[in-house]
Protein chains: 2
Amino acid sequence: MSKKNIDKVTIFALGGVGEIGKNMYVVQYANDIVVVDSGLKFPDVDMLGIDVVIPDITYLLENKDKVRGILITHGHEDHIGGLPYVLKHLNVPLYATKLTLGLIENKLREANLLGETKRHLINADSVIKLGSITASFFKTNHSIPDSVGIALDTPEGVIVHTGDFKFDQTPVNDEYADLHRMAEIGSKGVLALLSDSTNAERPGQTGSEKSVGVVIEDIFRKAKQRVIVATFASNIHRVQQVIDACEVTGRKLTVIGRSMVNVVSIASELGYLNVPDGMLIEPEEINRLSADRVAILSTGSQGEPMSALTRMARSTHRKVDILPGDTVVISATTIPGNERDVGRTVDELYRIGANVIYGSGSQTGVHVSGHGSQEELKLMLNLMKPKFFIPVHGEYRMLRQHGLLAESVGIDKSNIFILDNGDTVEIQNGAARKAGKVQAGNILIDGLGVGDVGNIVLRDRKLLSQDGILVVVVTLSKQDGKIMSGPDIISRGFVYVRESEGLLDEANRIVTNTLTKLMSDNVNEWASLKTHVRDALGRFLYEQTKRRPMILPIIMEV
Amino acid sequence: MSKKNIDKVTIFALGGVGEIGKNMYVVQYANDIVVVDSGLKFPDVDMLGIDVVIPDITYLLENKDKVRGILITHGHEDHIGGLPYVLKHLNVPLYATKLTLGLIENKLREANLLGETKRHLINADSVIKLGSITASFFKTNHSIPDSVGIALDTPEGVIVHTGDFKFDQTPVNDEYADLHRMAEIGSKGVLALLSDSTNAERPGQTGSEKSVGVVIEDIFRKAKQRVIVATFASNIHRVQQVIDACEVTGRKLTVIGRSMVNVVSIASELGYLNVPDGMLIEPEEINRLSADRVAILSTGSQGEPMSALTRMARSTHRKVDILPGDTVVISATTIPGNERDVGRTVDELYRIGANVIYGSGSQTGVHVSGHGSQEELKLMLNLMKPKFFIPVHGEYRMLRQHGLLAESVGIDKSNIFILDNGDTVEIQNGAARKAGKVQAGNILIDGLGVGDVGNIVLRDRKLLSQDGILVVVVTLSKQDGKIMSGPDIISRGFVYVRESEGLLDEANRIVTNTLTKLMSDNVNEWASLKTHVRDALGRFLYEQTKRRPMILPIIMEV
């Protein structure tokens, strides 16, 4: 880097830092913008009624003609789930490996966008020219096949994005992480590394996926009746190991749950699953076979109320019942926030009389993480030897821990950037600095509405959820302001009306008295009338119940 | 038991089995009822707006004159929190050890019930005659001092209730669990054992409280600035160890958070905390001291939004700020469901620049559980050698695991009873059987309302929280049914009104058209009008938005 660059490279996240989910990273050099991933996030508990959350892409829309493409690291929802929304407004070339592209196309088909989009199949050997930036790739291990890391060669230097990764020395599909290419990239010099921080708080090394296969096979051998395995649909390696266990123990397999059926079909078609002929059977067929010849692969590892496993546990599934003596394996980690739902499902399975194998941590061996632990994160840092380090893909505390790991392998503290979404890092002539902020944030999707639910709507939903609502309607005469009809009080979510007649009658009297008094004082602006009614009623109800329902006064005039 | 008993002993839970919380157990022999504990539970996520949950005590109220007393095992909320509600309607004698009684009296004082109640101080050597049942006690280790187990000697045999317990071989207060008395009770013969199942899923042995003290002292020694420790207020042993660490390292201590201030004051008064003179200072004084001479003891270990730690982390606490370089220790386990709140607090503390030590499990050593793990549960079973076993205090899966542990130490499977709240076990002449059910359930408390929020109100709150509400008001003429005013549509929590004028205008037209059409068809019963409006509007809004707000049509007549 002897000659001076006039331009600079700018790096920022539109999603994925300070949170788990909606990953979207941007690298810009002069007039060339490259986007890495385009994910969604599931709503926080306080985002009432929201279906999903996607990144705010205002910056990309304002610089539409500079965006050279979107590169996808792997096929998980938090990396591809935002694409239907993003591509609708930003129809730029999309690059992804085979399985990832298969999953994306399924998604775009459902959104009626398949025809219009510009999709490009890549593999780990592809080299893509994106204006002044050249992208190449390296294979990684993760809980979904066909995951890649990305090296972006810019005039300022190479920026590496790891994607989600672990180092699995005994991977299920024999697709080893490409240590040699990583070493090669590292030895040529990496300007900046963006690396997965999910397990930065976890010491040691994440277990190999193959270790789970051994445990599952053992469970299949010992089970005297049917075995039901619940896992994430996208965990194709895990699915393969269930198929393998079926083969070894002579069981037929039925697949239930919409996303599981979908993914198994896509992955089989594309050659990522090896399913012996005649192994898969329809759910309707299982009762014709002896129980020790049957296994069931199912969604619902998070105890989701509408999932196949939950419905089976509650005996409300249309096709499959779980019977006493069946073995249920929950082969997944419980995502924080889902503990109660998973616990409830386990309880219900026990009540049926099933044997349940569910993993609090590593005890049972039926699950390993897809993300590298501290030793693997350090290995990646040591392979890449970056000058600058930006931990990504994690809550703030995880980014912070990852930063400490980077310091521990010798990266200068001042060269480590912990970012919020929208914070930019500019690198020019080998010097990096935190620069300004681009617009970034959560776009909430509720039904068909994209971004039409804001803080006011959420605040109202929160209020309504706590103490309900009281609607007070009164009709006034246009001539003399006298009450012509009402006040009528209707409540929802406040008190059970039949048992609270006295309270509501008294509330009615208070509204009538308040209005009559105001009228005799010649107060007749509606806003003022409403405020007085709301205050008087709110005070009374709080005294009587210590609750604060939303009060909605409505005045009609005839 | 050579002579035949005409009467039987009946055992059941009114709360505490199939759940964590609202513990209340009942032992009845003939006309004598003894109650063990009277706790509350914090609401599940789907109990929107509910403050706390207590057991349904209908059975006790219907048998008021038979209830000989309530025995309390220890002073945690899930064992004493229901007392203000229960004693109000069932003013029977109450028996508790010194610290437990101190905490109860504080609670009753706040509820203005102190004067009326019949409170009796007991210690581990007390023997209480309760009709035909005689209660004696034995010391246990738990995360609050003065915890006891209870042996109820009935004409049918001895029923033992362990309370919450662990076996701590190096307890902080030198109050050892009374192994000898337990052994004595066991060797005399135990008819039935009810034992704490909280950690039945956890292998091995729970760590000693003293091990935490070592870690905390080490943190205090190394910290260059202030140390802030957040823990449960009731964990007096932990508080003592923080005080000890202050003494050894020459720090002054300030206590913040209402419940922490309360408990520290009660425990000091009663002699359960040993605080060196001059160690405690007011929050206002800390800034006068050098940072390495100060420690802060705080509530907020669960990331509760209004707690002291959370407010300090957000820099909204009135008196205390956390400064860059301060060390914050979260010395508590995260209760399932609170992971996000705790994570958010940790993130905020890191953003301030604090060092945060928080325990994912045993990694950091800053917390141990107060409940025994599998080896301790087996030790209790082996000490007591009960004929019948009823695992209590836990979710169904924990009770189930505890049952398996009992089997593993030789208890006959048919002598193990896993109960739901209200299920009774009857024992007569040495034979036990599951008998009928007494009324049991959740009584929801919302503000001043006890039990007035039922399923309909909760369902409405749920609906309101998801998609909000639309109120449609119209005034019709009494004479000819013509629309005199409206329809007016007001929405809350549905869409942001300013950006949805078109939608609401169209909704308005649909209501007008629907009503006009019905009127011309001479449909004029209100119920029918309302149903048609609700259906037409609901259909339209779902088509347009894929949301289903609650629709509340209101018809006024003048």
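Residues numbered from 1 in each chain as written. Chains lettered and ligands numbered in written order. Predicted model: local features only at pLDDT ≥ 70, side-chain atom pairs only at ≥ 80, totals over all residues. Heavy atoms only, no water.

By the naming in an unreviewed UniProt entry, chain A is Ribonuclease J, taken from Paenibacillus albiflavus. Within the UniProt record for chain A, the comment given under Sequence similarities (unreviewed entry) is "Belongs to the metallo-beta-lactamase superfamily. RNA-metabolizing metallo-beta-lactamase-like family. Bacterial RNase J subfamily." Listed under Subunit (unreviewed entry) in UniProt, the entry text for chain A is "Homodimer, may be a subunit of the RNA degradosome." (UniProt positions renumbered as here; feature names shortened; annotations may be inferred.)

Caption draft 1: Region of interest: the pairing of strand β10 (residues 148–154) of chain A. All names here are of chain A. The buried fraction of β10 amounts to 6 of the 7 residues, a majority that puts the element mostly inside the structure. Bridge count between strand β9 (residues 133–139) and β10: 6 bridges; the pairing is antiparallel. For A135, the partnering residue across the bridge sits in β10 and is L152. Where β10 lies against strand β11 (residues 157–161), 5 bridges are found, and the strand directions are antiparallel. (Buried < 20%, exposed > 50% of the residue type's maximum accessible area, 1.4 Å probe, protein only. Helix = DSSP H or I, 4+ residues; strand = E, 2+ residues; numbered from the N terminus. Pairing = 2+ DSSP bridges.)

Caption draft 2: Highlighting the relation of the copies chain B and chain A. Take chain B, turn it by 180 degrees, move it 0.0 Å along the axis, and it overlays chain A with an RMSD of 0.0 Å. Here the transformation between the copies is reduced to the relation of a two-fold axis. When the interface residues of chain B are mapped onto chain A, 100% of them again lie at the interface, so the same face is used by both copies. (Least-squares fit on C-alpha atoms with pLDDT ≥ 70 in both. Contact = heavy atoms within 4.5 Å.)

Caption draft 3: Layout of the side chain of T117 of chain A. Residue and element names in this part refer to chain A. By the element assignment, T117 lies in the loop between α4 (98–110) and β7 (119–121). Take T117: its relative accessible area is 10%, and that puts it in the buried class. Among the polar contacts listed, one links the side chain of T117 to the backbone oxygen of L113, at a separation of 3.4 Å. Within polar-contact distance, the side chain of T117 engages the backbone oxygen of L114 at 3.2 Å. (Polar contact = N/O pair within 3.5 Å; in protein donor to acceptor, adjacent residues only side chain to side chain.)

Caption draft 4: Representation of the UniProt feature "binding site: Zn(2+) 1" (unreviewed entry) in chain A within the structure. Residue and element names in this part refer to chain A. The sites that UniProt annotates as "binding site: Zn(2+) 1" (unreviewed entry) are H74, H76, H142 and H393. Spanning 320 residues, the named residues nonetheless gather at one spot, since no C-alpha pair among them exceeds 14.0 Å. Within the secondary structure, H76 is located in the loop between β5 (67–71) and α2 (77–80). Accessibility expressed as a relative area gives 13% for H76, which makes it buried. With near-sequence residues (within four places) excluded, H76 lies in contact with G81, H142, S143, I144 and S234. Structurally, H142 can be placed in the loop between β9 and β10. Residue class for H142 comes out buried when judged on its relative accessible area of 5%. Beyond its immediate sequence surroundings of up to four residues, H142 is in contact with H74, H76, S147, D164, F165, H237, G370 and H371.

Caption draft 5: How the structure looks around the sheet that holds strand β7 (residues 119–121) of chain B. Residue and element names in this part refer to chain B. An order of β7-β6-β5-β3-β2-β1-β19-β20 is seen for the 8 strands of this open sheet, with the pairing classed as mixed. In this open sheet, the two edge strands, each paired with only one partner strand, are β7 and β20 (431–437). Between one strand axis and the next, the sheet turns through 25 degrees on average, direction left out of account. (Axes fitted to C-alpha atoms, helices over the stretch in contact; angles between N-to-C directions.)

Caption draft 6: Spatial organisation of the UniProt feature "binding site: substrate" (unreviewed entry) in chain A. Residue and element names in this part refer to chain A. Within the UniProt annotation, "binding site: substrate" (unreviewed entry) is assigned to A233, S234, N235, H367, V368, S369, G370 and H371. Residue placement: A233 occurs in the loop between β13 (227–230) and α7 (236–249). Residues contacting A233, with those up to four places away along its chain left out, are V239, S259, M260 and V263. Position of N235 among the secondary structure elements: in the loop between β13 and α7.

Caption draft 7: Quick look at the domain arrangement of chain A. Residue and element names in this part refer to chain A. Split by domain assignment, chain A resolves into domain 1 (9–204 + 369–445), domain 2 (209–358) and domain 3 (455–557). Computed from C-alpha coordinates alone, the two centres of domain 1 and domain 3 are separated by 52 Å. Each partner contributes residues to the interface: domain 1 has 5 residues there, and domain 3 has 4 residues. Counting the surface lost from both domain 1 and domain 3, the interface buries some 340 Å², and carbon and sulfur atoms represent 72% of this. When the area that domain 1 buries against domain 3 is broken down by residue, the three leading residues are D46, L48 and L444, summing to 81%. For the pair domain 1 and domain 3, the number of links is 0 salt bridges. At the surface where domain 1 touches domain 3, the tally comes to 1 residue pair in polar contact (both at pLDDT 80 or more). (Domains from an automatic or database assignment. Buried area = accessible area lost by both parts, 1.4 Å probe. Salt bridge = Lys/Arg side-chain N within 4 Å of Asp/Glu carboxyl O.)

Caption draft 8: Structural detail: the pairing of strand β1 (residues 9–15) of chain A. All names here are of chain A. For β1, the tally of buried residues reaches 7 of 7 residues, placing the bulk of the element in the interior. Bridge count between β1 and strand β19 (residues 423–428): 4 bridges; the pairing is antiparallel. Bridge assignment links F12 to a residue of β19, and that residue is T424. Of the strand pairs in this sheet, β1 and strand β2 (residues 24–29) are connected by 6 bridges, and their pairing is antiparallel. Within β2, the position partnered with A13 by the bridge is Y25.

Caption draft 9: Highlighting the interface of chain B and chain A. Counting residues at the interface gives 68 residues for chain B, matched by 68 residues for chain A. Between chain B and chain A the total buried area reaches about 5900 Å² when both faces are included, carbon and sulfur atoms providing 54% of it. Here D347 of chain A makes a salt bridge to R397 of chain B, at a shortest N to O gap of 3.0 Å. Seen at the junction of chain B and chain A, the total is 21 residue pairs in polar contact (both at pLDDT 80 or more). Put simply, the parts of the chain that give the side of chain B that touches chain A at least two residues each are α10 (339–352), α12 (396–408), α13 (455–467), β23 (469–476), β24 (483–492), α15 (526–545) and β25 (550–557) of chain B. Considered class by class, the residues forming the side of chain B that touches chain A number 29 nonpolar, 16 polar and 23 charged. (Nonpolar A, V, L, I, M, F, W, Y, C, P; charged D, E, K, R; others polar.)

Caption draft 10: Molecular detail of helix α7 (residues 236–249) of chain B. Residue and element names in this part refer to chain B. With 14 residues, α7 should cover 20 Å at 1.5 Å per step; its first-to-last C-alpha distance of 20 Å lies within 8% of that length. Within α7, 11 of the 14 residues are buried, which leaves it mostly tucked inside the rest of the structure. Listing the buried residues of α7 in full gives I236, H237, R238, V239, Q240, Q241, V242, I243, A245, C246 and T249. Packed against the buried residues of α7 are α4 (98–110), α6 (209–222), β13 (227–230), β14 (252–256), α8 (258–269) and β15 (294–298). (Expected span 1.5 Å × (residues − 1).)

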